[in-house]
Amino acid sequence: MQFIQAKRDAILKPLQAVVGIIERRPLTPILANVLLRRNGTDVSFLGCDSEIQIETSAPIGAGDGEAAGVTLSARKWLDILRSLPEDADISLALQDQRATIRAGRSRFTLQTLEPGDFPVMASVTYTASFELTQGQLRHLFRMVHFAMAQQDVRYYLMGLLLVVDDRQVTAVATDAHRLSYCRTDLPGDDAAAPDEGTGADAPAATRCEVILPRKTVLELQRLLADSDDPVHIDVAINQVRLRFGGLELVSRIVEGKFPDYQRVIPQGYQRRIELPRDVLAASLARASVLTTDKFKGVRLSLSPGTLQIQTTNAEQEEAVDEIEVGYDGEPLEIGFNVAYLLDVLANLDAETVQLEFGDSGSSALLTIPGNDDFRYVVMPMRI
């Protein structure tokens, strides 16, 4: 049975959109596959793992147009397509639980699995809905994603908190050593409210909070564009749905209580300096040359007119770098993990940053002058 007939790139684009979440070594073999469903000339591509599902479609159906489905290895099919010429005409046919892919004189036969066994996420009732542009959501993620924990028994730290409150959306991530906070205004007249298209009948929400899994955030960063095209976000009690650019991504929500980020952000610090972001990043990068994987500590010594950055290692080697700053307050010495500072500086696009300090045992606050929408808090370390 003929299933697909199209140019290589017409198949490659939707396949690449869903293949990112498919595990190379999944818990069950069928999760290594992509689910294809044909309805007339429209073919949907669906990938899924234990917590995320992505679906998109393309008008590439062939044959009699009768509704049909199949699953086949996503990465094998992706590698086959990438190996073929860009202008290749490709067909996919099904016979005896096998898929045959032809392009010119090339032929590949792949094993298939029953589409009815594919674990599609169940439909739920969404109780709240809001909308951002792709550029806004991508910006929020870029400004905080690096502070998510990578491994932690507190599973809620291995995710990103998204809060909708009145007219603003806030993203927060923390690994308990640092915290990144960024917010943006909702476009137009949108606010967190029931989505009429879902059949929800709950009252309009004034506040909505979800913790997105780390993998979901990283995948959305790959898929979102820096554009003004809308992202429709629907929230249910245990999952969230994002629709944009012909894609639909459904993700489970991380259960748990996220830390009270408002209490973590310091206020009223008197020691304050402003300096060029690239100058600070370059100085920290030079000092980090002598750090090791086990110890990433650098010492910041602040004195009138000067910020000195110093590091030493177990071999008694030393790096010292100085930056002129407009500061005339009390001297201060404080240590930090240099990677935590370099992470935030690499993701900012501001020309100038502001650092605020309490004492040597207090966290530091990094902000952008004139911008109240971003905050980065980093805990000190003993040097």
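Given the structure is predicted, the values throughout are model-derived calculations rather than measurements. (Residues numbered from 1 in each chain as written. Predicted model: local features only at pLDDT ≥ 70, side-chain atom pairs only at ≥ 80, totals over all residues. Heavy atoms only, no water.)

## Digging into the pairing of strand S20 (residues 318–324)
Burial of S20 is one-sided: the residues Ala-319, Asp-321 and Ile-323 facing one way are buried, the residues Glu-318, Val-320, Glu-322 and Glu-324 facing the other way are not. Of the strand pairs in this sheet, strand S19 (residues 306–312) and S20 are connected by 7 bridges, and their pairing is antiparallel. What sits directly across from Gln-308, in S20, is Glu-322. The turn linking S19 back onto S20 is made up of 5 residues, and Gln-316 within it adopts a positive phi angle of 65°. (Buried < 20%, exposed > 50% of the residue type's maximum accessible area, 1.4 Å probe, protein only. Helix = DSSP H or I, 4+ residues; strand = E, 2+ residues; numbered from the N terminus. Pairing = 2+ DSSP bridges.)

## Here's the deal with the sheet that holds strand S3 (residues 42–48)
Within the open sheet, the 12 strands sit side by side as S1-S6-S7-S8-S5-S2-S3-S4-S16-S15-S14-S9. Their pairing is antiparallel. Edge positions in the open sheet fall to strand S1 (2–7) and strand S9 (128–133), since each of these has one partner strand only. The average angle at which neighbouring strand axes cross in this sheet is 25°, direction not considered. Where S9 lies against strand S14 (residues 230–235), 6 bridges are found, and the strand directions are antiparallel. Its bridge partner lying in S14, Phe-130 is registered against Ile-233. This element, helix H2 (residues 74–83), spans S1, strand S2 (33–39), S3, strand S5 (68–73), strand S6 (89–95), strand S7 (98–103) and strand S8 (106–113) of the sheet and lies at about 80° to S5. Strands strand S4 (52–58), strand S15 (239–244) and strand S16 (247–252) of the sheet are contacted by helix H4 (residues 214–223), whose axis makes an angle of about 165° with S16. (Axes fitted to C-alpha atoms, helices over the stretch in contact; angles between N-to-C directions. Contact = heavy atoms within 4.5 Å.)

## A closer look at helix H1 (residues 8–19)
Its 12 residues place the ends of H1 16 Å apart at the C-alpha level, agreeing with the 16 Å of an ideal helix rising 1.5 Å per residue. Regarding H1, the residues found buried are Arg-8, Ile-11, Leu-12, Pro-14, Leu-15, Ala-17, Val-18 and Val-19. (Expected span 1.5 Å × (residues − 1).)

## Considerations on the confidence of the model for the protein
When pLDDT is averaged across the protein, the result is 92; 95% of the residues are at 70 or more. pLDDT under 50 marks residues 194–205. Its contacts with residues more than four places away, or in other chains, come to 23 contacts. (pLDDT = per-residue confidence, 0-100.)

## A word on unusual backbone geometry
Although it is not a glycine, Asp-166 sits at a positive phi angle of roughly 60°. In this fold, Asp-166 is placed in the loop between strand S10 (159–165) and strand S11 (168–174). By relative accessible area, Asp-166 is classed as exposed at 55%. Residues other than glycine seldom take positive phi values, yet Ala-176 does so here, at roughly 80°. Summarising the element assignment, Ala-176 is placed in the loop between S11 and strand S12 (178–185).

## Examining helix H6 (residues 277–288)
Each turn of an α-helix holds 3.6 residues, which means side chains three or four residues apart point in the same direction. Between its first and last C-alpha, H6 extends 16 Å over 12 residues, near the 16 Å set by a 1.5 Å rise per residue. Among all positions of H6, only Leu-280, Ala-281, Ser-283, Leu-284, Ala-287 and Ser-288 are buried. Considered in projection along H6, the buried side chains sweep an arc of 165° and stay on one side of the axis. Against strand S17 (271–276), strand S18 (297–303), S19, S20, helix H7 (338–347) and strand S22 (352–357) lie the buried residues of H6. (Arc of directions from axis to C-beta.)

## Quick look at the packing of aromatic side chains
Using the criterion set out here, one finds 5 aromatic pairs in the structure. For the pair Phe-146 and Tyr-376, a centre-to-centre distance of 5.8 Å together with 55° between the ring planes defines the contact as tilted. Within this pair, whereas Phe-146 is found in the loop between helix H3 (134–144) and S10, its partner Tyr-376 is found in strand S24 (residues 371–378), the two being separated by 230 residues in sequence. Directly above the ring of Phe-3 sits Arg-38, whose terminal nitrogen or CZ lies 5.3 Å from the centroid. (Phe/Tyr/Trp six-rings, centres within 6.5 Å; stacked < 30°, edge-to-face > 60°. Lys NZ or Arg CZ within 6 Å of the ring centre and 35° of its normal.)

## Overview of the nonpolar core
Here is a general trend for soluble globular proteins: nonpolar side chains tend to be buried in one another's company. Within the largest apolar cluster, 104 residues are counted, with the highest numbers of intra-cluster contacts made by Phe-45, Trp-77, Leu-280 and Phe-357. What Phe-45 contacts, discounting residues up to four positions off in sequence, is Ile-11, Pro-14, Leu-15, Val-18, Val-34, Leu-35, Leu-36, Ile-54, Glu-55, Thr-56, Ile-60 and Trp-77. With 12 residues, the next largest nonpolar core counts Leu-179, Tyr-181, Val-254 and Ile-265 among its residues. (Core = buried A, V, L, I, M, F, W, Y, C linked by side-chain atoms within 4.5 Å.)

## A word on the state of the cysteines
Using the criterion set out here, one finds 0 disulfides in the structure. In this structure Cys-208 is not part of a disulfide, and its nearest cysteine sulfur, from Cys-182, lies 18 Å away. Taking the relative accessible area as the measure of exposure, Cys-208 reaches 8% and is therefore buried. (Disulfide = S-S within 2.5 Å.)

## Looking at the pattern of salt bridges
If you walk through the whole model with that rule in mind, you get 20 salt bridges. For Asp-49, the salt bridge identified is with Lys-215, shortest N-O distance 2.5 Å. With a gap of 166 residues between them, Asp-49 in the loop between S3 and S4 and Lys-215 in helix H4 connect regions that are remote in the sequence. Under the relative-accessibility criterion, Asp-49 is labelled buried at 7%. Note that Arg-286 is salt-bridged to Asp-321, the shortest N-O span being 2.9 Å. In this pair, Arg-286 is assigned in helix H6 and Asp-321 in strand S20, connecting sequence segments 35 residues apart. Judged by relative accessible area, Arg-286 falls into the partly exposed class, the value being 45%. What makes Asp-321 buried here is its relative accessible area of 15%. (Salt bridge = Lys/Arg side-chain N within 4 Å of Asp/Glu carboxyl O.)

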